[in-house]
Amino acid sequence: MSIRDSRRRAMPSLAACVVLAGALAIGATAAANAADAPEWTVDAKSSQIKFTGRQMNVPSDGVFRRWTATIRFDPKNLAGSSVDVTIETASAHTGNKDMDATLESEKFFEVKKFPKAKFVASSFRAKGGNKYEAVAKLTIRDVTQEVVLPFTLDVADKGAEQVATVTGKVDVSRTKFGIGRGDWSDTKVIADKVVIEIKVVASRKK
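Residues numbered from 1 in each chain as written. Predicted model: local features only at pLDDT ≥ 70, side-chain atom pairs only at ≥ 80, totals over all residues. Heavy atoms only, no water.

Another aspect to go through is the layout of surface pockets. Taken as a whole, the largest pocket encloses approximately 960 Å³ of empty space. Together, 46 residues line the largest pocket, and I49, F51, F64, I87 and I196 are the ones closest to its centre. The residue makeup of the lining of the largest pocket, split by class, is 38 nonpolar, five polar and three charged. (1 Å grid on protein atoms, 1.4 Å probe; cavity = no way out; pocket = protein on both sides within 12 Å on 5 of 7 lines; lining within 4 Å. Points joined across faces, edges and corners; volume = space filled by probe spheres on them. Nonpolar A, V, L, I, M, F, W, Y, C, P; charged D, E, K, R; others polar.)

The structure is reproduced here in structure tokens:
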């Protein structure tokens, strides 16, 4: 085998090594970015998940009293940010016992069979200033739909901590999740659109 032939055979191997090294470097950077997104602790007393529906065009409000959230977010590292919210469907509270019981029933949340709802976001878009969008999967009654939640983020320094306040609002179709069955499925009686509003206050150490 000539020296020239040896060099020709070596060149593809060298190129493969370079490509592999580059791929590993990119993977390591992505992993570092994901680890860099800081975790925030939610202040449950100052936070709220609210929903508003309309029955015969009359608005009806409620809140979910029990939910948890794991939040990792960094405006400078959106690729490494994520939000995972778990909501107890039986905690829906409207201030009306009859309505609350209806929401728990099999025609609405069917809480015994579907005790949890999930909101999981792993994609975020900066929209300028303090405005962002979260692209998320919302799961209710084991039905999952993609939703885009526009939100604002305000961060303030308070001593050794940073305190973030997030507010946002998104419209969802109740019928796509199978909420409101039988007589309650008529969108002329109960509007299909339900507005979900969030306010989340969370903190982390600087």
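Continuing now.
Opposite charge on two side chains permits pairing when their charged atoms draw close. Taken as a whole and judged by the stated rule, the model has seven salt bridges. For the salt bridge of K118 with D84, the shortest nitrogen-to-oxygen distance reads 2.6 Å. Linking K118 in strand β7 (residues 116–128) with D84 in strand β5 (residues 82–88), this pair joins segments that are 34 residues apart in sequence. Residue classification places K118 among the partly exposed positions, given a relative accessible area of 28%. (Salt bridge = Lys/Arg side-chain N within 4 Å of Asp/Glu carboxyl O. Helix = DSSP H or I, 4+ residues; strand = E, 2+ residues; numbered from the N terminus. Buried < 20%, exposed > 50% of the residue type's maximum accessible area, 1.4 Å probe, protein only.)

I49, F64, F73, F109, F119, F124 and F151 are the most contacted members of the largest nonpolar core, which totals 41 residues. Within the residue set of this core, elements represented by two or more residues are β2 (48–55), β4 (67–72), β5, β7, β8 (131–140), β9 (143–158), β10 (161–173) and β11 (193–205). (Core = buried A, V, L, I, M, F, W, Y, C linked by side-chain atoms within 4.5 Å.)

Shape descriptors only; they carry no functional weight alone.
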